[in-house]
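Fold and geometry: a report
Now for the letters of each chain:
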Amino acid sequence: MSNKNPATPVKVQPRPVLDLLPKYAAGKPPTAVAGLTSYKMSSNENPLPPVPAVMDAIREGVDYNRYPDPLATKLRESLAGYLDVPAEDIVTGAGSLGALTQILQTFAGQNDDDVADEVIYAWRSFEAYPIVVQTTGADAVEIPNLPDGRHDLDAMAAAVNAQTSVVLLCTPNNPTGPALTTVEVEKFINSVPANVLIVIDEAYNEFVRLEDAVDGIKMFRKYPNVVVLRTFSKAHSLANLRVGYSISHPSITQYLRVIATPFAVSSLAEKAAVASIENIDQVVERVQHLVDERTRVVEGLRAIGWEVPDAQGNFIWLNFGADTPDFARIADEQALSVRAFGNEGLRVSIGEEEANTRFLEVCSNYPKRPAVS
Ligand SMILES: *Cc1c(COP(=O)(O)O)cnc(C)c1O
């Protein structure tokens, strides 16, 4: 089409699906309040810096003028040793979000006959899911969580049909907190056709203390249609360096490697991640500190009569309904930024000790309490 008439300029047009996509709302920074240290509890970040060996590795630097190893070989070999899986089964990405994008672009979309694949996931869950899923052209099928914030796996299994190409399981579920158990995940996998890809997103795996929690890697070993997602963003304190990965069988990785963005993981990120794995004992120690803080927060809330869903990540969920914006404002007045989801509820990341203590104070002074699940 030419653009002869300046009164009706022809404009560039995005794909129609763009109108459907929710905006990714990143956690807000806290408001500065005189006399108070501000704390960001809105993005599930690790409040601690990476372990010292990682900082040394970063300071040492890399050949910044050279492209990174496209296969992140050193990192995959280091992970292979640590996780006891073949290095070939690991595909890296720019964060596990990068790895998830590869998976969805490979296995979900609009087909030649114009029929869209369906991708099933629990809702509410990770905010990026609807965006990444719908960008592929696939239809998002959101299955409401149970009142206690757990996935409704029976309803998710019942939603599977001939169009279903991928199911996303988020354990522990961001933002509600509970983790899935081995028994329920195996029952789910066995009830779904073997041509449906099951993605187990374990971004917070290191924080889980539930005894019978599912271990995605065990599911991967047992079932050829399972992909596990992990990240260095949370437990390893490397959110800014963007490094994550998936683990799956060669029948899956052969395609992921075709679609993966070349050079997605920088050499600096790779080097940092390797150093973090090499010092995993220190990482585990820091994670334990955050888990202890999580326990302190949950017990503090229960002590004032508040009910919160089982918290297995580095965050807790407050089912505040219509009071959500009000509570977020009150927290902000105390220089704490928390993550409010409309009129549904709030997710509060476990932060520095002082942040957690102040959060508990804000809660004890708040006249209402979150809805009982
Ligand atoms: C934070 C998070 C991720 C990962 O993010 P990256 O920084 O891209 O690794 C993935 N899934 C869930 C559920 C998360 O909360």
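If you're wondering where the values come from, they're calculated on a predicted model, not measured in any experiment. (Residues numbered from 1 in each chain as written. Predicted model: local features only at pLDDT ≥ 70, side-chain atom pairs only at ≥ 80, totals over all residues. Heavy atoms only, no water.)

The next point concerns the layout of surface pockets. When its volume is computed, the largest pocket comes out at roughly 490 Å³. Along the walls of the largest pocket sit 30 residues, with Tyr-24, Ser-43, Phe-126, Tyr-204 and Lys-234 positioned nearest its centre. For the lining of the largest pocket, the secondary-structure elements that each account for two or more residues are helix H3 (95–107), strand S7 (226–231) and strand S10 (336–341). Of the residues assigned to the lining of the largest pocket, the class counts are 13 nonpolar, ten polar and seven charged. Both domains that meet at the lining of the largest pocket, namely domain 1 (25–44 + 281–365) and domain 2 (52–278), each give it at least three residues. If you add up the space inside the second largest pocket, you get close to 280 Å³. What lines the second largest pocket is a set of 18 residues, and nearest its centre among them are Asn-205, Glu-206, Val-208, Arg-209 and Arg-230. (1 Å grid on protein atoms, 1.4 Å probe; cavity = no way out; pocket = protein on both sides within 12 Å on 5 of 7 lines; lining within 4 Å. Points joined across faces, edges and corners; volume = space filled by probe spheres on them. Helix = DSSP H or I, 4+ residues; strand = E, 2+ residues; numbered from the N terminus. Nonpolar A, V, L, I, M, F, W, Y, C, P; charged D, E, K, R; others polar. Domains from an automatic or database assignment.)

In this numbering, the UniProt entry assigns the feature "modified residue: N6-(pyridoxal phosphate)lysine" (unreviewed entry) to Lys-234. Structurally, Lys-234 is set in the loop between S7 and strand S8 (244–247). (UniProt positions renumbered as here; feature names shortened; annotations may be inferred.)

Where H3 contacts helix H4 (residues 128–135), the axes come no closer than 9 Å and their chain directions differ by 35°. By crossing handedness, the relation of H3 to H4 is classed as right-handed. When H3 is examined against H4, the residues Leu-97, Leu-100, Thr-101 and Leu-104 are found in contact with a partner set consisting of Ala-128, Tyr-129, Val-132 and Val-133. Grouping the amino acids of the contact of H3 with H4 by side-chain chemistry returns seven nonpolar, one polar and no charged. (Axes fitted to C-alpha atoms, helices over the stretch in contact; angles between N-to-C directions. Left-handed = near helix turned anticlockwise from the far one by under 90°. Contact = heavy atoms within 4.5 Å.)

Attention now goes to the site of the ligand. Taken together, 13 residues lie around the ligand, and Ser-96, Tyr-204, Thr-231, Ser-233 and Lys-234 are the ones closest in. One nitrogen or oxygen atom from the main chain of Ser-96 is found 2.7 Å from an oxygen atom belonging to the ligand. Expressed as a share of its isolated accessible area of 380 Å², the protein-covered part of the ligand is 93%. When residues in the shell around the ligand are grouped by element, the largest group, three residues, is from H3. Tallied by class, the residues present in the shell around the ligand amount to five nonpolar, five polar and three charged. (Near = heavy atom within 4 Å. Polar contact = N/O pair within 3.5 Å; in protein donor to acceptor, adjacent residues only side chain to side chain. Areas by Shrake-Rupley, 256 points an atom, 1.4 Å probe, with all protein chains shown as cover.)

Mapped onto this numbering, the UniProt entry annotates "domain: Aminotransferase class I/classII large" (unreviewed entry) at residues 40–361. The annotated region residues 40–361 carries 40% helix and 17% strand content, and the separation between its end C-alpha atoms amounts to 16 Å.

Here the focus is the pairing of S10. The buried fraction of S10 is high, at five of six residues. Where S10 and strand S11 (residues 345–349) come together, three bridges link them in antiparallel fashion. In the strand pairing of S11, Ala-340 is matched with Leu-346. Counting the residues that bridge the hairpin from S10 to S11 gives three residues, and of these Gly-342 lies at a positive phi of roughly 45°. (Buried < 20%, exposed > 50% of the residue type's maximum accessible area, 1.4 Å probe, protein only. Pairing = 2+ DSSP bridges.)

Before going further, it helps to examine the packing of H3 against helix H8 (residues 250–259). The axes of two packed helices give the description: the angle between them and the distance between them. The N-to-C vectors of H3 and H8 enclose an angle of 105°; their axes lie 9 Å apart at closest approach. Between H3 and H8, the angle falls in the class roughly perpendicular. For the pair formed by H3 and H8, the contact residues are Gln-102, Ile-103, Gln-105, Thr-106 and Phe-107 on the first element and Ile-252, Tyr-255, Leu-256 and Ile-259 on the second. For the contact of H3 with H8, the per-class residue count stands at six nonpolar, three polar and no charged. (Parallel < 35°, antiparallel > 145°, perpendicular 65-115°, else oblique.)

Moving on to the pattern of salt bridges. Taken as a whole and judged by the stated rule, the model has 16 salt bridges. The shortest N-O distance in the salt bridge between Arg-339 and Glu-127 comes to 2.7 Å. One end of the pair, Arg-339, is in strand S10; the other, Glu-127, is in the loop between strand S3 (118–123) and H4, with 212 residues separating them in the sequence. When its relative accessible area of 10% is taken as the criterion, Arg-339 is described as buried. Taking relative accessible area as the criterion, Glu-127 reaches 16% and is therefore assigned buried. Residues joined in a network through salt bridges with shared partners are Asp-148, Arg-150 and Glu-184. (Salt bridge = Lys/Arg side-chain N within 4 Å of Asp/Glu carboxyl O.)

Attention now goes to the sheet that holds strand S6 (residues 197–201). Strand order across the open sheet formed by seven strands is S2-S8-S7-S6-S5-S3-S4, with mixed pairing between neighbours. Where the open sheet ends on each side, the last strands, each with one partner, are strand S2 (90–93) and strand S4 (139–144). Between one strand and the next, the sheet's axes are offset by a mean angle of 25°, whatever the strand orientation. Two strands pair when backbone bridges link them, and S2 and S8 are joined in this way by four bridges, in the antiparallel orientation.

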